[in-house]
Amino acid sequence: MYRHQHENDTVLPVFTQPLSPNGGESCSHLPEELIIEILLRLPVKSLLQFKCICKFWKTLISNPQFIKRHLLISNAKPSLTHQRLFFSFMTDPRQLLSYPLKPLFQNLLPPVSSSGTMKYWIIGSCNGLLCLYGQSRHCFKLHNPSIMFKSKKSPSAASLDWISNQYGFGYDQVNDKYKVLLVVRNMNDPTQTLTKVYTFGDDSWKTIQNFHLTPIRPSGKFVSGTLNWIVKKRGAGSNQSMILSFDLEKETYNEVLLPQTDGDKVYGHTLYVLNNCLGVCYETNQTHWVAWLMKEYGVFDSWTKFITIPLDKFNKPQCFLIPLFISENCVVLLVNKYNSHFILFNLNSGELDYSWDYFIKSVFNFRRNLHICSESLVSL
């Protein structure tokens, strides 16, 4: 066996033996480099089936470098067919539910799938991995539903008399590590907080510098190796909203400016991620809902106004819309987290394809823990 170097410096194995199921001559007569390129562009479900064809294919598809390059290709052009919405249904015990994304863009009721009951709820998704949080004992585990992978749970981050305030999950690409940040507060002394980082695979918690500002919402948004929260910067007559950013590699904080608002009264600043870009949305002057995208992370001048919708286009004046996904034909899936309705907005025509009348009745209460998870072969 020798190794083949690709243009992006990813090294994959190339086998000198034929890749046919019976170990004989390959019936396709395709070069092995071409076979690899074809396999890299196949969906996860097909690749899992092909691992059963022969030892050579199983070894290739299981190779960490193959898995990384397959992920890079998938992330470069996300396919609507290979995306699912996951959320913890707030029953007792909780259920991990999901449904395919594509039917939502076709105005169809998607089939709901259950992964069973659990003591955890979802706090984030990255590279096909769901990060699950056991709030009662402050521990985490990873789950890849595409390949049915589940990691061992982390050690507890704190004792039971501490409660969680903020959290975030993401990928440190430099060190090839998945990390969780957790802020906990002492119930007996509310002024006492701890900020900890857990690195999956290292199996230990590290206490780091506390947040110097308090985020408005608990869940951090992952993009470009950072976790991000909206915070209020108070003092000296200022009440300015901004983004508090945490670098997962360096484990340091930074401040990122929000775009300049186009109204005097702005409500409900909310972060989201779309096409691997950080975004912020809000209501302005009680007349419009506005969404922005930061095309280049950390660069203020790259903020671009993405969507503006008059509030009178909706049946109800108050809305809490979050962009979830954008299709190849420029249709954006939005969710109203106040009432769990989905809305399609066509960027080309500027029209709502359907509005409040679309509602998934069986899965009402997903609220804050709705996450899109793409198919991948990734495990620890």
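The preceding data block contains the structure.
Residues numbered from 1 in each chain as written. Predicted model: local features only at pLDDT ≥ 70, side-chain atom pairs only at ≥ 80, totals over all residues. Heavy atoms only, no water.

(A) Here's a closer look at the overall build of the chain. Helix and strand counts for the chain stand at five helices and 26 strands. As displayed, the chain has an accessible area near 18,700 Å², and 50% of this comes from carbon and sulfur atoms. (Helix = DSSP H or I, 4+ residues; strand = E, 2+ residues; numbered from the N terminus. Areas by Shrake-Rupley, 256 points an atom, 1.4 Å probe, with all protein chains shown as cover.)

(B) Spotlight on the sheet that holds strand β21 (residues 303–310). Taken in spatial order, the four strands of this open sheet run β18-β19-β20-β21, and their pairing is antiparallel. Edge positions in the open sheet fall to β18 (266–274) and β21, since each of these has one partner strand only. Sheet twist, expressed as the average angle between the axes of neighbouring strands with direction ignored, equals 20°. Summarising the sheet, strand β19 (residues 277–284) and strand β20 (residues 288–294) pair through seven bridges and their orientation is antiparallel. (Pairing = 2+ DSSP bridges. Axes fitted to C-alpha atoms, helices over the stretch in contact; angles between N-to-C directions.)

(C) Spatial organisation of the side chain of Asn228. Checked against the element boundaries, Asn228 lands in strand β15 (residues 226–235). A distance of 2.5 Å separates polar atoms of two side chains, one belonging to Asn228 and the other to Tyr297. Not counting chain neighbours up to four residues away, the residues in contact with Asn228 comprise Ser219, Gly220, Lys221, Val223, Ile243, Leu244, Ser245, Leu271, Leu278 and Tyr297. (Polar contact = N/O pair within 3.5 Å; in protein donor to acceptor, adjacent residues only side chain to side chain. Contact = heavy atoms within 4.5 Å.)

(D) Representation of the sheet that holds strand β11 (residues 177–186). Ordered in space as β10-β11-β12-β13, the four strands form an open sheet in which the pairing is antiparallel. Unpaired on one side and paired on the other, β10 (162–172) and β13 (205–208) mark the two borders of the sheet. Put simply, the sheet's adjacent strands are angled 25° from each other on average, direction ignored. Bridge analysis of β11 against strand β12 (residues 189–199) gives eight bridges, and the strand direction is antiparallel. Among the inter-strand pairings, Leu181 is bridged to a residue of β12, identified as Val197.

(E) A look at the environment of Gln240. Turning to its location among the elements, Gln240 is positioned in strand β16 (residues 238–247). Sequence spacing of Gln240 and Leu258 is 18 residues, and the spatial spacing of their C-alpha atoms is 9.5 Å. The contacts of Gln240, once residues within four sequence positions are left out, are Val231, Lys232, Lys233 and Leu257.

(F) Examining the pattern of salt bridges more closely. Per the stated rule, a full pass over the model turns up nine salt bridges. For Glu37, the salt bridge is made with Arg69, and the minimal N-O distance between the two is 3.0 Å. With Glu37 in helix α1 (residues 32–40) and Arg69 in helix α4 (residues 64–76), the pair connects residues that are 32 residues apart, well separated along the chain. On the accessibility criterion, Arg69 (3% relative accessible area) is buried. Where Lys177 meets Asp202, a salt bridge forms, and the shortest distance between an N and an O atom there is 3.4 Å. In this pair, Lys177 sits in strand β11 while Asp202 sits in the loop between β12 and β13, placing the two residues 25 residues apart along the sequence. (Salt bridge = Lys/Arg side-chain N within 4 Å of Asp/Glu carboxyl O. Buried < 20%, exposed > 50% of the residue type's maximum accessible area, 1.4 Å probe, protein only.)

(G) Seen up close, unusual backbone geometry. In this structure, Asp176 is a non-glycine residue whose phi angle is positive, near 55°. By the element assignment, Asp176 lies in the loop between β10 and β11. The class for Asp176 is partly exposed, based on a relative accessible area of 36%. Positive phi is not limited to glycine here, since Asn276 has a value of about 60°. Inspection of the secondary structure assignment puts Asn276 in the loop between β18 and β19.

(H) Local environment of α1. Buried within α1 are the following residues: Glu32, Ile35, Ile36, Leu39 and Leu40. Buried residues of α1 fall within an arc of 135° about the axis and therefore sit on the same side. (Arc of directions from axis to C-beta.)

(I) The packing of aromatic side chains, seen in detail. Scanning all chains against the criterion turns up 17 aromatic pairs. Pairing Tyr99 with Phe342 gives two aromatic rings, centres 6.4 Å apart and planes at 90°, and the pair type is edge-to-face. Taken as a pair, Tyr99 in strand β4 (residues 94–100) and Phe342 in strand β24 (residues 341–346) lie far apart in primary sequence, 243 residues in all. Given the relative accessible area of 0%, Phe342 is considered buried. (Phe/Tyr/Trp six-rings, centres within 6.5 Å; stacked < 30°, edge-to-face > 60°.)

Function cannot be inferred from these measures alone, as they are strictly geometric.
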